[in-house]
Protein chains: 2
Amino acid sequence: MSEDTASDSKCGATTDSTDASSKCGGSTTDASSSKCGGSKSTDGSSASKCGGSKSDTTEEQVTATADDFDADPGRLVAVGLGPGQPSGMTTRAKEALRAVDHIVGYTTYIDLLPDDIVEAAEDIYSTPMCGEVSRTEESVDRTLAGNDVAIVGSGDPNVYALGGLALEILESKGGSASAVDFEVVPGVPAAQSCAARLGAPLVNDTVSISLSDHLTPMPTIESRLHAAAKEGFTIAIYNPWSRKRRDNYEKCCEILLEHRDPETPVGVVHAAGREDEETEIVELRDLPELGETDLIDMTTTLLVGNDETYVWDGRMVTPRGYERKYDY
Amino acid sequence: MSEDTASDSKCGATTDSTDASSKCGGSTTDASSSKCGGSKSTDGSSASKCGGSKSDTTEEQVTATADDFDADPGRLVAVGLGPGQPSGMTTRAKEALRAVDHIVGYTTYIDLLPDDIVEAAEDIYSTPMCGEVSRTEESVDRTLAGNDVAIVGSGDPNVYALGGLALEILESKGGSASAVDFEVVPGVPAAQSCAARLGAPLVNDTVSISLSDHLTPMPTIESRLHAAAKEGFTIAIYNPWSRKRRDNYEKCCEILLEHRDPETPVGVVHAAGREDEETEIVELRDLPELGETDLIDMTTTLLVGNDETYVWDGRMVTPRGYERKYDY
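Attention here is on the structure that accompanies the text. Predicted, not measured: the structure shown is a model, and the values here were computed from it.

Details of the overall build of chain A
For step 1, the next point in the chain: The helix and strand inventory of chain A stands at nine helices and 14 strands.
For step 2, the next point in the chain: When each of the 328 residues of chain A is scored for burial, the buried share is 62%.
For step 3, the next point in the chain: Long-range pairs, those at least 24 residues apart, make up 74% of the contacts in chain A with a sequence separation of at least 6.
For step 4, the next point in the chain: Working note: accessible area of chain A is about 11200 Å², and carbon and sulfur atoms make up 44% of it.

Here it is as structure tokens:
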């Protein structure tokens, strides 16, 4: 799934260090450590860098800059893990993770890593869902301190994920993308791994829209939904639901039903690649009620068909138009 | 890159058989072969199934049906190869290809396969760029004849590719998705593998649009471009140019410039993952002229930034909005 920006729960930064001689002990490391430090010295609490992201006004502060580090910077690579199982990773992603010293990521994604990669890493820094800014800053600080670092997430670093934030923070710290040899290793996005489970729902022009209004204002999201629904795109909807965003989901259903037939097939994929994975194909008219069930939550991706999408033998099919040109 | 529907060149079906005892000799196999046949008996020419797709009215015919095959059907899997290098494939894709008897695909994609997979396959059926309908039919026929078959393409089977066509043809032949255990193995789409080369151009809501009007009417494409450009989506443009589609590219530039600042960054990735790969970041105003150069052709993907996208240290960055909420 995508990195998300919601943060309803309390959470504290944790470090799963696999090496007692690690140069970076994660959030408990002393600031005098030559290869870490910088922004981490202001508060000894392991939860200090995560608690701030729970409201619109955050206390997260990024304070260290490139000048605070003596060492030559290391390499920084943003790695997409794909659908959630090690077998969904590319060979290149695995090689990239084996080549770095430190791996930084959301705990759930770190748990997805193959054992040999976890064992080979000098240090793993993980935080629960929240604090993506502090986590990303951590990856940048460790890089500027001279370590080769990977920041990981499921899906692809370019799909609602931290590839851009890493560059923004690097810039704000006076670093440069060239100096850290910044690289993005792409992965299979959630839209495509969910589509695969459903058949062929997205083979034509497609829009991806996140319903999270944490970073994008709701009127913008609504306007994009109207446009996508009107123009016959198939639509991949990320982050459809959380306690904070029930209204957004309901509004989304309303907009889709304004433009599309109530019988339009919609693929619902809950917790793709996890133990509680569940996949259903429903009709658009069923979506509002489905929002009351456990099927729709933060881990769900919706794939909305267009006017031509149909269901056949348990699969969603969006024709590309071959049937108008060829006999078969 | 995506499977494309253009077919400007003459082409003939070819078979790279790696096993002399192959049950299917590709397009030259006799119809009496128990595991092939069906639709292939009408014409002995190896080019017979590919020549028809060159115009709007095609002679391609899909004639064999599930009833024509005595055997229990095999398995059919649509496999996305990702960016074009073996290292960009997922472990699952490699395992899927090792598990099948036959691999069917466009010659360029077949050439991308790791040697051990090619050597292990009982038969490889490849055709040059054209005839995606006959190629897909070939994969369905071979499956119905009792073989386990993979149909492959670069990128993802759900992104302008053959996942849907395989299901459509299967249905038209009276087969069923369940009976052939139809499976899609997702891959990294071109939009994401190209975005990775450019930094973080697509981290927010994104549209993908193909400029090929072979299967989608140009007025629909234009209307979608207007909507995408107006609504602040980042835009991945597939199939921007061929001899037949120069007008579409020019029209696309015109529409984008109507809604977006001429200085909007646009990433241009030519032949991603191939020897003649070339990547440039230009301004939107430069696109029309660029269309006169070799940088823009069938193998090019364009990634158009939104109003907030900027270029920093050679990378395209589309902020997600963190900078409005956090200090860094």
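Quick notes on the interface of chain A and chain B
For step 1, the next point in the chain: At the junction of the two partners, chain A supplies 86 residues and chain B supplies 86 residues.
For step 2, the next point in the chain: Both sides of the chain A and chain B interface together cover about 7500 Å² of buried area, and 53% of this is carbon and sulfur.
For step 3, the next point in the chain: For the interface between chain A and chain B, the tally reads two salt bridges.
For step 4, the next point in the chain: Taken together, chain A and chain B are joined by 52 residue pairs in polar contact (both at pLDDT 80 or more).
For step 5, the next point in the chain: Looking at the side of chain A that touches chain B, the element that brings in the most residues is helix 5 (residues 163-172) of chain A, giving nine residues.
For step 6, the next point in the chain: Across the side of chain A that touches chain B, the residue classes tally to 38 nonpolar, 28 polar and 20 charged.
For step 7, the next point in the chain: In terms of strand pairing, strand 8 (residues 206-210) of chain A meets strand 8 (residues 206-210) of chain B through three bridges, oriented antiparallel. Note that in strand 8 of chain B the partner of Ser 208 of chain A across the bridge is Thr 206 of chain B.

Considering the pattern of salt bridges
Where side chains of opposite charge bring their charged atoms close, a pairing between them can arise.
For step 1, the next point in the chain: Enumeration over the complete set of coordinates arrives at 34 salt bridges over all chains.
For step 2, the next point in the chain: With a shortest N-O distance of 3.0 Å, Arg 92 of chain B and Glu 183 of chain B are connected by a salt bridge. One end of the pair, Arg 92 of chain B, is in helix 1 (residues 91-99); the other, Glu 183 of chain B, is in strand 6 (residues 183-185), and 91 residues separate them in sequence.
For step 3, the next point in the chain: Several salt bridges share partner residues, and in doing so they unite Arg 75, Arg 92, Asp 181 and Glu 183 of chain A into one network.

Notes on the sheet that holds strand 9 (residues 234-238) of chain A
For step 1, the next point in the chain: Reading across from one edge, 11(A)-10(A)-12(A)-9(A)-8(A)-8(B)-9(B)-12(B)-10(B)-11(B) is the order of the 10 strands in this open sheet, with mixed pairing throughout. The sheet is open, and its two edges are formed by strand 11 (278-283) of chain A together with strand 11 (278-283) of chain B, each paired on a single side. The sheet shows a mean angle of 15° between the axes of neighbouring strands, taken without regard to direction.
For step 2, the next point in the chain: Where strand 8 of chain B lies against strand 9 (residues 234-238) of chain B, five bridges are found, and the strand directions are parallel. In the strand pairing of strand 9 of chain B, Thr 206 of chain B is matched with Thr 234 of chain B.

As for the side chain of Arg 315 of chain A
For step 1, the next point in the chain: Here Arg 315 of chain A shows up in strand 14 (residues 315-317).
For step 2, the next point in the chain: Asp 313 of chain A provides the closest opposite charge to the buried, unpaired Arg 315 of chain A, separated from it by 4.7 Å.
For step 3, the next point in the chain: Residues contacting Arg 315 of chain A, with those up to four places away along its chain left out, are Leu 198, Gly 199, Ile 281 and Tyr 310 of chain A together with Leu 167, Ala 177, Ser 178, Asp 181 and Phe 182 of chain B.

Structural notes on the nonpolar core
For step 1, the next point in the chain: By size, the foremost hydrophobic cluster in this structure holds 54 residues, and its most contacted members are Ile 237, Val 268 and Leu 287 of chain A together with Ile 237, Val 268 and Leu 287 of chain B.
For step 2, the next point in the chain: If sequence neighbours within four positions are ignored, Leu 287 of chain A has contacts with Tyr 249, Cys 253, Val 266, Val 268, Val 282 and Leu 302 of chain A.

Re empty space enclosed by the protein
For step 1, the next point in the chain: Summed over all chains, the structure comprises 10 cavities of 30 Å³ or more.
For step 2, the next point in the chain: Size it by volume and the largest cavity reaches roughly 280 Å³.
For step 3, the next point in the chain: Around the largest cavity, the lining is made up of 26 residues, and of these Gln 192, Thr 206 and Ser 208 of chain A together with Gln 192 and Ser 208 of chain B lie nearest the centre.
For step 4, the next point in the chain: Of all the secondary-structure elements, those providing two or more residues to the lining of the largest cavity are helix 6 (190-198), strand 8 and strand 9 of chain A together with helix 6 (190-198), strand 8 and strand 9 of chain B.
For step 5, the next point in the chain: Tallied by class, residues from the lining of the largest cavity come to 16 nonpolar, 10 polar and no charged.

Section: the pairing of strand 12 (residues 300-304) of chain A
Residues and elements named next belong to chain A.
For step 1, the next point in the chain: Judged by how many residues are buried, strand 12 sits mostly within the fold: five of five residues are covered.
For step 2, the next point in the chain: Where burial is concerned, the two faces of strand 12 agree: the one with Thr 300, Leu 302 and Val 304 and the one with Thr 301 and Leu 303 are both buried.
For step 3, the next point in the chain: Of the pairings in the sheet, the one linking strand 10 (residues 265-270) to strand 12 comprises five bridges and is antiparallel in character. Each bridged residue has a counterpart across the sheet, and for Val 266 the counterpart in strand 12 is Val 304.

Thoughts on the sheet that holds strand 13 (residues 310-312) of chain A
Residues and elements named next belong to chain A.
For step 1, the next point in the chain: Taken together, the three strands give an open sheet; going across it, the order is 7-14-13, and neighbouring strands pair in mixed fashion. On the outer flanks of this sheet lie strand 7 (199-200) and strand 13, each paired with one strand and no other.
For step 2, the next point in the chain: For strand 7 and strand 14, the ladder comprises two bridges, and the chain directions are parallel. Each residue of the ladder has a partner; that of Gly 199, found in strand 14, is Met 316.

Thresholds applied
- The written sequence of each chain sets the order in which its residues are numbered from 1.
- The lettering of chains begins at A and the numbering of ligands begins at 1, in the order of writing.
- In keeping with the predicted nature of the model, local features appear solely for residues at pLDDT of at least 70, side-chain atom pairs appear and are counted solely at 80 or more, and the whole-chain, interface and lining totals rest on all residues.
- Heavy atoms throughout the structure, all of them, feed into the side-chain values; hydrogens and water do not.
- Helical segments are the DSSP runs of H or I of at least four residues, strand segments are the runs of E of at least two, and each set is numbered from the N terminus.
- Under the scheme applied here, a residue whose accessible area is under 20% of the maximum for its type counts as buried, over 50% as exposed, and between as partly exposed, the area being computed with a 1.4 Å probe on protein chains only.
- We call two residues in contact when some of their heavy atoms are within 4.5 Å.
- Under the convention used here, a 1.4 Å probe and the Shrake-Rupley method define accessible areas, while residue burial counts only the protein chains that appear.
- Two parts placed together each lose some accessible area under a 1.4 Å probe, and the buried area is that loss summed for both.
- Salt bridge criterion: a side-chain nitrogen from Lys or Arg within 4 Å of a carboxyl oxygen from Asp or Glu.
- Polar contact is the term for a pair of N or O atoms within 3.5 Å; when the atoms are in protein, one must be able to donate a hydrogen and the other to accept it, and sequence-neighboring residues count only if both atoms are side-chain atoms.
- In this count, Pro and Cys sit with the nonpolar residues alongside Ala, Val, Leu, Ile, Met, Phe, Trp and Tyr, while Asp, Glu, Lys and Arg are called charged and the others, Gly among them, polar.
- Pairing between strands is defined by DSSP: at least two bridges between the two strands are required.
- For helices, the axis comes from a line fit to the C-alpha atoms of the stretch in contact; other axes are also lines fit to C-alpha atoms, and the angle between any two N-to-C directions lies between 0 and 180 degrees.
- In this count, Lys and Arg are taken as positive residues and Asp and Glu as negative ones, while His and the chain termini are left out.
- Each nonpolar core is a collection of buried residues, namely Ala, Val, Leu, Ile, Met, Phe, Trp, Tyr and Cys, held together in the definition by side-chain atoms within 4.5 Å.
- The distinction between a cavity and a pocket rests on a 1 Å grid over the protein atoms alone: a 1.4 Å probe fits inside a cavity but cannot get out, while a pocket stays open yet meets protein on both sides within 12 Å along at least five of seven lines, and a residue with an atom within 4 Å of a point counts as lining.
- Grid points are joined across faces, edges and corners, and a volume is the space filled by probe spheres set on the points.

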